[in-house]
Amino acid sequence: VGMYRGLWRYSSVPDLVSIAKGVTLSILIFIPVLFLFNRLEAIPRTIPLIQWMVLIMMLGAPRLAYRLLRNRFSFLGKPANDAKRIPVLLYGAGDGAEIFIRSSLKTSTLYQPVGILDDNQRTKGVSIHSIPVLGSADNLEKILKRLKSKRAVVPQKIIITDDAALRDNAETIRLLTEKANEYGLSLGRLPDLSELKSLSGGAIPLRPIAIEDLLGRPQIIANVADIAEFLRGKRVIVTGAGGSIGSEIVRQVASFEPASMMLIDSGEHNLYQIDMDVRTRFDNCACIPVLADVRNRDRVFRLFEDYKPHVVFHAAAYKHVPMVEYNPTEGVLTNAIGTMNVADAALACGVEAMVQISTDKAVNPTSIMGATKRIAEAYTQALDISQTGTGQNKHRGTRMMTVRFGNVLGSSGSVVPLFRKQLERGGPLTVTDPDIERFFMTIPEAVGLVLSASAHGLTKSAPRGQIFVLDMGKPVRIVDIARQMIRLAGLRPDKDIEIKFTGLRPGEKMFEELFDSQETLREIGLSGVRAANPRPFDLDALRHTLENMNRYAQDDNVKPMIDEIAKIVPGFNHTSLVQKQNSQQ
């Protein structure tokens with residue numbers, strides 16, 4: 001009956017059926033033979049039944065024990081490296097879920113199922129390989145709360161395992177997408193069931209793999225109602241509109257029905273791309289693409305005066321730390337002087353609010369990029385505080401707000417696109433230091449909170465001079481992201497793909513900070529956002545220093561320019577850069 005043809009490591013129900021056939025056949029032959037010898041005298045009638053059960057147990061138990069041993073007892077629901085896996089919910093209590101769960105128990109997959117969603121009420125309360133069916137997608141909020149309170153587990157992803165829903169039920173997929181977005185979960189799906197059944201062991205690939213899987217936490221959801229009130233019917237300017245953050249600001253603002261948007265960027269290609277994207281996706285949004293540099297003060301003033309915006313988002317900046325280290329005067333002219341130009345123009349035309357995008361590198365900066373962003377923070381803060389005066393200041397209604405956050409996953413020049421390219425080339429993945437760590441958000445998450453903080457600052461009459469700081473969660477080691485991306489690609493870190501450590505680059509720190517030790521922190525009643533009150537600067541002295549910095553930067557005179565930076569950023573020391581510039585001269 002083929003009982004010994006199967007490998008013990010993969011023993012399953014078909015092997016048990018073979019054993020049952022063999023044992024039954026043996027008993028059926030044994031009884032007549034025994035009858036010929038002793039007429040079955042003194043043999044109880046239960047003996048054949050007992051013998052049948054004992055044989056099945058004795059033949060089946062060793063196979064099961066061997067398989068459990070080879071699979072590290074994963075049948076008991078305790079897969080190896082459980083703490084390193086991403087907790088996920090599965091949608092669909094069917095074959096796809098069973099195959100996925102079995103794969104996760106047998107192999108070191110990236111995902112750890114913690115529960116199943118299914119709209120069939122008859123499946124509620126049952127389990128598949130010890131993974132319970134928790135309820136329908138409509139009850140996702142209650143399910144998430146229950147998992148967090150009882151099991152201290154916060155799922156980060158919903159994986160659709162129901163092949164029929166993917167194929168035939170568009171309404172269910174729409175609901176799952178909405179629910180996932182509502183609670184900050186990413187959404188993935190398995191390959192078709194026919195492909196799943198053809199896979200012979202190993203981890204099952206997901207399609208697509210979301211960048212949010214690298215966060216190590218669910219995304220924070222912005223307050224949509226306040227943002228809509230803040231932006232609907234307004235004329236909006238976005239500087240740096242073609243960049244990673246600027247382009248996402250444009251997309252999200254366009255979804256809230258502004259009257260029109262002026263997109264300002266100095267790069268033709270990036271500006272063309274975001275302009276075409278908005279025109280394609282938002283038919284009713286009037287966009288005005290403008291090629292301009294924020295360093296050109298007269299041009300900026302003319303644009304603002306002609307357009308008369310209500311809200312300005314200032315995202316134009318040089319952000320790559322090593323690049324700005326090699327070109328310090330360019331960093332000063334764009335990040336510091338460019339911000340001064342935009343802020344002054346916004347104030348002159350009486351905008352309702354200007355929102356400046358800042359970075360965690362502005363806290364205790366060790367680089368030119370970080371120092372120039374700290375100066376930009378100081379200038380907008382001083383302008384905002386100055387609007388509380390009386391009498392001569394006719395623009396006292398203008399709000400100047402700064403939103404500070406850390407790195408964004410997937411932005412141009414960040415580690416994720418770099419690692420992707422290195423993975424495509426077969427490695428190695430380059431990391432500066434094994435212990436270097438950063439705060440991370442996704443681009444949509446960061447921009448959503450920027451808009452939410454801005455709306456809060458304007459509509460809730462928040463105190464002036466404060467900097468909104470996004471809650472980035474815990475910092476993440478860059479090497480852990482590298483290993484995670486290798487696993488997402490279905491490969492093994494340090495075996496299939498090497499990770500190479502290259503050393504810190506100019507201006508880089510081992511870790512970043514979201515707050516300065518001298519900043520006063522407070523909660524503002526807005527999820528995902530806190531406020532900091534840095535030491536304010538005298539506006540006139542600040543302007544005088546910026547004018548000096550502009551003059552020195554225009555002349556490419558680095559040493560006195562850095563001396564001026566140190567007047568605004570206490571303790572900033574960049575003698576190595578000055579020495580390098582002098583040696584090059």
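Computed from a prediction, not measured in an experiment: that's the story for all the values here. (Residues numbered from 1 in each chain as written. Predicted model: local features only at pLDDT ≥ 70, side-chain atom pairs only at ≥ 80, totals over all residues. Heavy atoms only, no water.)

1. Digging into helix α19 (residues 558–568)
Here is step 1 of the chain: The complete set of buried residues in α19 reads V558, M561, I562, E564, I565 and I568. Buried residues of α19 fall within an arc of 155 degrees about the axis and therefore sit on the same side. (Buried < 20%, exposed > 50% of the residue type's maximum accessible area, 1.4 Å probe, protein only. Helix = DSSP H or I, 4+ residues; strand = E, 2+ residues; numbered from the N terminus. Arc of directions from axis to C-beta.)

2. Some words on the sheet that holds strand β20 (residues 520–526)
Here is step 1 of the chain: Pairing is mixed across the open sheet formed by 9 strands, whose spatial order is β9-β8-β7-β10-β11-β12-β17-β21-β20. Each end of this open sheet is capped by a strand with a single partner; those strands are β9 (287–291) and β20. This sheet shows a mean twist of 25 degrees between the axes of neighbouring strands, independent of strand direction.
Here is step 2 of the chain: Pairing between strand β10 (residues 311–314) and strand β11 (residues 353–359): 4 bridges, direction parallel. Considered in β11, the bridge of F313 is made with V355.
Here is step 3 of the chain: The sheet contacts of helix α16 (residues 443–459) involve β10, β11, β12 (399–405), β17 (467–470), β20 and β21 (529–533), and relative to β12 the element is tilted by about 150 degrees. (Pairing = 2+ DSSP bridges. Axes fitted to C-alpha atoms, helices over the stretch in contact; angles between N-to-C directions. Contact = heavy atoms within 4.5 Å.)

3. Here's the deal with the sheet that holds strand β6 (residues 186–189)
Here is step 1 of the chain: Ordered in space as β3-β4-β2-β1-β5-β6, the 6 strands form an open sheet in which the pairing is mixed. Unpaired on one side and paired on the other, β3 (127–128) and β6 mark the two borders of the sheet.
Here is step 2 of the chain: Bridge count for strand β1 (residues 86–91) against strand β5 (residues 157–160) is 4 bridges, and the pairing is parallel. Counted as the bridge partner of L89 is I158 from β5.
Here is step 3 of the chain: Across the sheet, helix α4 (residues 140–151) lies against β1, β2 (111–117), β4 (131–135) and β5, angled at about 135 degrees from β4, the strand it touches most.

4. As for a nonpolar patch on the surface
Here is step 1 of the chain: Nonpolar side chains collect at one region of the surface, where V1, L25, I29, V33, F35, L36, F37 and L40 lie side by side and expose about 820 Å² of accessible area between them.
Here is step 2 of the chain: Among the secondary structure elements, L25 is positioned in helix α1 (residues 13–38).
Here is step 3 of the chain: On the accessibility criterion, L25 (45% relative accessible area) is partly exposed. (Patch = residues over 30% accessible without salt bridge, like charges linked within 9 Å, V, L, I, M, F, W, Y side chains within 5 Å. Areas by Shrake-Rupley, 256 points an atom, 1.4 Å probe, with all protein chains shown as cover. Salt bridge = Lys/Arg side-chain N within 4 Å of Asp/Glu carboxyl O.)

5. Re the pairing of β6
Here is step 1 of the chain: Burial along β6 is one-sided: the face carrying S186 and G188 is buried and the face carrying L187 and R189 is not.
Here is step 2 of the chain: The pairing of β5 with β6 spans 4 bridges and is parallel. Across the sheet, the residue bridging to I159 is G188, located in β6.

6. Digging into the pattern of salt bridges
Here is step 1 of the chain: Under the criterion given, the structure shown has 21 salt bridges.
Here is step 2 of the chain: Two residues, K361 and D360, come together in a salt bridge whose shortest N-O distance is 3.7 Å. The same class applies to K361 as to D360, namely buried.
Here is step 3 of the chain: Residue K559 is joined to D563 by a salt bridge in which the shortest nitrogen-to-oxygen separation is 3.4 Å. Here K559 pairs with D563, and both are found in helix α19, just 4 residues apart, close to one helical turn.
Here is step 4 of the chain: K559 gets classed as partly exposed once you look at its relative accessible area, which sits at 45%.
Here is step 5 of the chain: Exposure remark for D563: the relative accessible area of 40% places this residue in the partly exposed category.

7. Digging into unusual backbone geometry
A negative phi angle characterises most non-glycine residues, just as the trans form characterises most peptide bonds.
Here is step 1 of the chain: Backbone torsion omega between G427 and P428 reads 0 degrees, so that peptide bond is classified as cis.
Here is step 2 of the chain: Structurally, the position occupied by P428 is in the loop between α15 (415–424) and β14 (429–431).
Here is step 3 of the chain: Although it is not a glycine, K308 sits at a positive phi angle of roughly 50 degrees.
Here is step 4 of the chain: Within the element layout of this structure, K308 appears in the loop between α11 (297–307) and β10.
Here is step 5 of the chain: With a phi angle near 70 degrees, D494 is a residue other than glycine that sits in the positive phi range.
Here is step 6 of the chain: By secondary structure assignment, the location of D494 is in the loop between α17 (478–488) and β19 (499–501).
Here is step 7 of the chain: On the basis of relative accessibility, which here comes to 49%, the residue D494 falls in the partly exposed class.

8. Here's the deal with the pairing of β4
Here is step 1 of the chain: Counting buried positions along β4 gives 4 out of 5 residues, so the element sits mostly inside the fold.
Here is step 2 of the chain: By the bridge criterion, 2 bridges tie β2 to β4 in an arrangement that is parallel. Pairing of L117 across the sheet is with G135, part of β4.
Here is step 3 of the chain: For β3 and β4, the ladder comprises 2 bridges, and the chain directions are antiparallel. If you follow S127 over to β4, its bridge partner there is P132.

9. Digging into the packing of helix α14 (residues 368–386) against helix α18 (residues 539–554)
Here is step 1 of the chain: α18 packs onto α14 with a crossing angle of 145 degrees between their chain directions and a minimal axis gap of 10 Å. Judged by the twist between their axes, the crossing of α14 over α18 is left-handed. On α18, the residues touching I375, A378, Y379, A382, L383 and S386 of α14 are L539, L542, R543, L546 and M549.
Here is step 2 of the chain: Partitioned by chemical class, the residues of the contact of α14 with α18 number 9 nonpolar, 1 polar and 1 charged. (Left-handed = near helix turned anticlockwise from the far one by under 90°. Nonpolar A, V, L, I, M, F, W, Y, C, P; charged D, E, K, R; others polar.)

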